[in-house]
Amino acid sequence: MSNVISEDIERVLFTEEQIETRCKELAAQIEADYDDRGITPIVVGLLKGSVPFMAELIKYFRHPIEIDFMSVSSYAGTTSVGDVKINKDTDLSAKGKHVLIVEDIVDTGRTLAEVRKLFINKGAADVKIVSLLDKPDRRVVDIQADYNGFTVPNEFVVGYGLDYNQCYRNLPYIGVLKPEIYE
Ligand code: IMP
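The following paragraphs examine the structure supplied in this document. (Residues numbered from 1 in each chain as written. Predicted model: local features only at pLDDT ≥ 70, side-chain atom pairs only at ≥ 80, totals over all residues. Heavy atoms only, no water.)

1. Concerning the site of the ligand
Here's step 1: Close contacts around the ligand come from 15 residues, with Asp104, Thr108, Thr111, Lys135 and Val157 the closest.
Here's step 2: Between the ligand and Asp107 there is a distance of 2.9 Å, counted from an oxygen atom to a backbone nitrogen or oxygen.
Here's step 3: In the environment of the ligand, an oxygen atom lies 2.9 Å from a nitrogen or oxygen atom belonging to the backbone of Gly109.
Here's step 4: In isolation the ligand offers 500 Å² of accessible surface; the protein chains occlude 82% of this area. (Near = heavy atom within 4 Å. Polar contact = N/O pair within 3.5 Å; in protein donor to acceptor, adjacent residues only side chain to side chain. Areas by Shrake-Rupley, 256 points an atom, 1.4 Å probe, with all protein chains shown as cover.)

2. A few points about the side chain of Asp104
Here's step 1: Assignment of secondary structure puts Asp104 in strand E5 (residues 98-106).
Here's step 2: No salt bridge is formed by the buried Asp104. Its closest oppositely charged neighbour is Arg169, at 5.1 Å.
Here's step 3: Setting aside residues up to four positions removed in sequence, Asp104 forms contacts with Gly49, Ser50, Ser131, Leu132, Leu133, Gly161 and Leu162. (Helix = DSSP H or I, 4+ residues; strand = E, 2+ residues; numbered from the N terminus. Buried < 20%, exposed > 50% of the residue type's maximum accessible area, 1.4 Å probe, protein only. Lys, Arg positive; Asp, Glu negative; His and termini not counted. Salt bridge = Lys/Arg side-chain N within 4 Å of Asp/Glu carboxyl O. Contact = heavy atoms within 4.5 Å.)

3. Considering helix H3 (residues 110-121)
Here's step 1: The end-to-end C-alpha separation of H3 is 17 Å, in line with the 16 Å expected for twelve residues at 1.5 Å each.
Here's step 2: When H3 is considered as a whole, its buried residues turn out to be Leu112, Ala113, Glu114, Val115 and Phe119.
Here's step 3: Positioned one or two residues after H3, Gly123 has a phi angle of 90°, which is positive. (Expected span 1.5 Å × (residues − 1).)

4. Some details on the sheet that holds strand E1 (residues 9-14)
Here's step 1: If you walk across this open sheet you meet the three strands as E1-E9-E8, and the pairing is antiparallel. Strand pairing shows two members of the sheet lacking a second neighbour, E1 and strand E8 (157-158), which therefore form its edges.
Here's step 2: Inspection of the sheet shows E8 paired to strand E9 (residues 174-177) by two bridges, in the antiparallel sense. The residue bridging Val157 from the neighbouring strand is Val176, located in E9. (Pairing = 2+ DSSP bridges.)

5. Brief notes about the pattern of salt bridges
Where charged atoms from two side chains of opposite charge come close, those side chains can pair.
Here's step 1: Summed over the entire model, instances satisfying the criterion amount to 14 salt bridges.
Here's step 2: With a shortest N-O distance of 3.1 Å, Glu56 and Lys59 are connected by a salt bridge.
Here's step 3: For Glu56, a relative accessible area of 6% gives the class buried.
Here's step 4: Note that Lys135 and Asp107 form a salt bridge whose closest N and O atoms lie 3.9 Å from each other. Remark: Asp107 occurs in the loop between E5 and H3 and Lys135 occurs in the loop between strand E6 (126-134) and strand E7 (147-151); sequence separation between them is 28 residues.

Printed below as a string of structure tokens:
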């Protein structure tokens, strides 16, 4: 790994400008859906990958929202569905609320399928998902974000919240790592 993180990137998939533009579009689309019904949603970011995306997205909401965060992890070594561990639960109650889950990427879909179930079990009135990225080739569980920023090929991507070994989350764009970084 280089001392300058951008030097580890082979190519950029989405620039900061492209992401900003897409966040504005997504916020407008989401707001139209909620505001038409006079709803104040709880926007729940899944730590840590959603942080830059959530920060950018919520800037463009013109109507009231509540925000909260949750941290979950998959149990290592399991391939079954139904195994997420809650490291940090939301502070706000989701009961009767309209929940918008914010995720960095939908990969196998396992995490979101479980988190969605958790909120339904908590009595949320409605659960929707917004994801910055979608990697459909890797899907194991049949789940689709209600709102999606960009579709990515089956490659490991980093930046804008996404990490490799906890690194690269602070890159202001999304890119593919140079192969020698993995090797
Ligand atoms: P899923 O449960 O397989 O959909 O996994 C989702 C999580 O895996 C995401 O929230 C990411 O933290 C991580 N992940 C999946 N693909 C990538 C990638 O290409 N780069 C970085 N993290 C990824």
